[in-house]
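Structure assessment
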Amino acid sequence: MTIPFFPPDLFDRDLLLEVVEQVGLTADQRFILGDRTAEFEAVLRGSLGVADAVACGSGTSALTLVLHAMGVGPGDEVIVPAYGCAPLASAPLLLGATPVFADVDPWTMVVDPAEVDKLVSGRTKVVMPAHMFSVMADMPALRRIATGAGLRLLEDAAVGQGGVLAGRPAGTWGDAGVFSFVQVKTFGMPGEGGVVVTGDVALGRAVRMLRNHGQDGRQRFVHHRIGYNSRFDEVMAAFQLRRFTTLPDRLERRARIGEYYTDRFAGLEGRGVLAPPPGRDGRCFYVYSLLADRRDALRDHLTARGIGTHVYYQAPLPRQAAFAGHAQPGRDWPAAASAARRQLAIPIHPHLTDAQVEHIADEVCRFTATSGPRLEEAR
Ligand SMILES: *Cc1c(COP(=O)(O)O)cnc(C)c1O
């Protein structure tokens, strides 16, 4: 049995061909920002109960558009997690602002609100937490910090779509939230795309202008401000509209696999493998990530048994060559460093059969039963 980490058969070929044909054969030949994009935005807006949803070129550019619309620029600081994906650091930097890295919670790997609180300064403009793997950031605490300090809160929910915390959906906790639709994400599609959702009408309007060269959507070639090309594709919009109704089923399957794993791994902490916290509140089940003391040995064990795994971030963001020169000198991010050494993701995609899921869980358990520290290491 071979179980790839990234399933090769993510999308239905017939649906792919059908939407290409549908958009291609429409008389107006409109391939970007047409009626289907508008309908997709309306569906997202309605399902989340937000004032605006603006589809754009990627999750990364969604973050950039929001930061830009919030007026972030040179001299400003944006507090971001020290562990996570590159755009958390690069989006502020490309606008001339400084990312200020906050350490994460050593178990859940999301940013620690107490660390964020310590880093607020007179220059801070935005707090930008991100949901990680299967756990949503502590949005109530981060909301309190942002509101208390008069800061904007940008919720990077690129991996959080479908998650709910204390009755409130991921993406709706911040002044704006961002989702990504890149292939591997929970609501992935066969291309690049993202969306900004917001309850702030003025912010939504600014993002809408910025995504299409500063135009207002009514008059072409009239540019109200300096903008970007970050538009949404009509074929992708047609595809997402067709898949939206079945998203809850896929999310449920992911959640069940995640719960099963967490149940099976409950006793492994003393054996060097730590599962994410149990429960469904504040969970998103994008990726199921273990923390393993002997991560590479566990990875080899699973690989040898045909089970694909993935190591996401081998270093904290402020230790990456690209960002180290912009990190606060003399600071340390021990929890991020520990996560980078121990994190290992196992398959959770909804195509897995029950037998495959059981096999994966069996092999993780077998590894911990047979592989205590070797004599040399114990000494
Ligand atoms: C994937 C991801 C992004 C970027 O989304 P893209 O659509 O790939 O640009 C941003 N933030 C986080 C936390 C992500 O996981």
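Definitions and cut-offs
Residues numbered from 1 in each chain as written. Predicted model: local features only at pLDDT ≥ 70, side-chain atom pairs only at ≥ 80, totals over all residues. Heavy atoms only, no water. Helix = DSSP H or I, 4+ residues; strand = E, 2+ residues; numbered from the N terminus. Rg over C-alpha atoms; globule rule 2.2 N^0.38 Å. Buried < 20%, exposed > 50% of the residue type's maximum accessible area, 1.4 Å probe, protein only. Contact = heavy atoms within 4.5 Å. Areas by Shrake-Rupley, 256 points an atom, 1.4 Å probe, with all protein chains shown as cover. Lys, Arg positive; Asp, Glu negative; His and termini not counted. Charge placed at Lys NZ, Arg CZ, Asp CG, Glu CD. Domains from an automatic or database assignment. Buried area = accessible area lost by both parts, 1.4 Å probe. Salt bridge = Lys/Arg side-chain N within 4 Å of Asp/Glu carboxyl O. Pairing = 2+ DSSP bridges. Axes fitted to C-alpha atoms, helices over the stretch in contact; angles between N-to-C directions. Near = heavy atom within 4 Å. Polar contact = N/O pair within 3.5 Å; in protein donor to acceptor, adjacent residues only side chain to side chain. Nonpolar A, V, L, I, M, F, W, Y, C, P; charged D, E, K, R; others polar. Parallel < 35°, antiparallel > 145°, perpendicular 65-115°, else oblique. Left-handed = near helix turned anticlockwise from the far one by under 90°.

When helices and strands are tallied, the protein chain shows 14 helices and twelve strands. Whereas a compact globule of 379 residues would reach a radius of gyration of roughly 21 Å, the protein chain reaches 21 Å, a difference of no more than 12%. Looking at the protein chain residue by residue over its 379 residues, the buried ones come to 56%. Long-range contacts, defined here as pairs at least 24 residues apart, represent 70% of the contacts in the protein chain between residues at least 6 apart. Carbon and sulfur atoms make up 52% of the accessible area of the protein chain, which totals about 16300 Å². Side-chain charges in the protein chain split into 40 positive and 42 negative, and the spacing between the mean points of these groups amounts to 3 Å.

By domain assignment, the protein chain separates into domain 1 (13–245) and domain 2 (248–378). Taking only C-alpha atoms into account, the centre of domain 1 sits 26 Å from that of domain 2. Contact with domain 1, which involves 45 residues of that partner, is made by 35 residues of domain 2. For the pairing of domain 1 and domain 2, the buried interface totals around 3300 Å² over both sides, and the portion due to carbon and sulfur atoms is 65%. When the area that domain 1 buries against domain 2 is broken down by residue, the three leading residues are Phe101, Trp107 and Phe133, summing to 21%. For the interface between domain 1 and domain 2, the tally reads one salt bridge.

Pairing within the open sheet is mixed, and its seven strands lie in the order 1-9-8-5-4-2-3. This sheet does not close on itself; its edge strands, each paired only once, are strand 1 (52–56) and strand 3 (98–102). Strand after strand, the sheet turns through a mean of 25° between neighbouring axes, direction not considered. With three bridges joining them, strand 5 (residues 152–156) and strand 8 (residues 176–180) adopt parallel strand pairing. Bridge assignment links Asp156 to a residue of strand 8, and that residue is Val178.

Attention now moves to the site of the ligand. Neighbouring the ligand are the residues Ser58, Gly59, Thr60, Cys85, Pro87, Asp156, Ala158, Val159, Ser180, Val182, Lys185 and Gly193. Take Ser180: an N or O atom from its side chain is 2.6 Å from an oxygen atom of the ligand. For the ligand, an oxygen atom lies 3.1 Å from a polar atom in the side chain of Lys185. About the coverage of the ligand: the protein hides 88% of its 380 Å² of free accessible area. The class makeup of the residues in the shell around the ligand is five nonpolar, five polar and two charged.

So, about the packing of helix 2 (residues 35–48) against helix 8 (residues 234–244). Two numbers describe how helix 2 lies on helix 8: the axes approach to 8 Å, and their chain directions differ by 40°. The pairing of helix 2 with helix 8 is recorded here as oblique in orientation. Crossing handedness for the pair helix 2 and helix 8: left-handed. Here helix 2 contributes Asp35, Arg36, Thr37, Glu39, Phe40, Val43, Leu44 and Ser47 to the contact with helix 8, which in turn contributes Glu234, Ala237, Ala238, Gln240, Leu241 and Phe244. By residue class, the composition of the contact of helix 2 with helix 8 is seven nonpolar, three polar and four charged.

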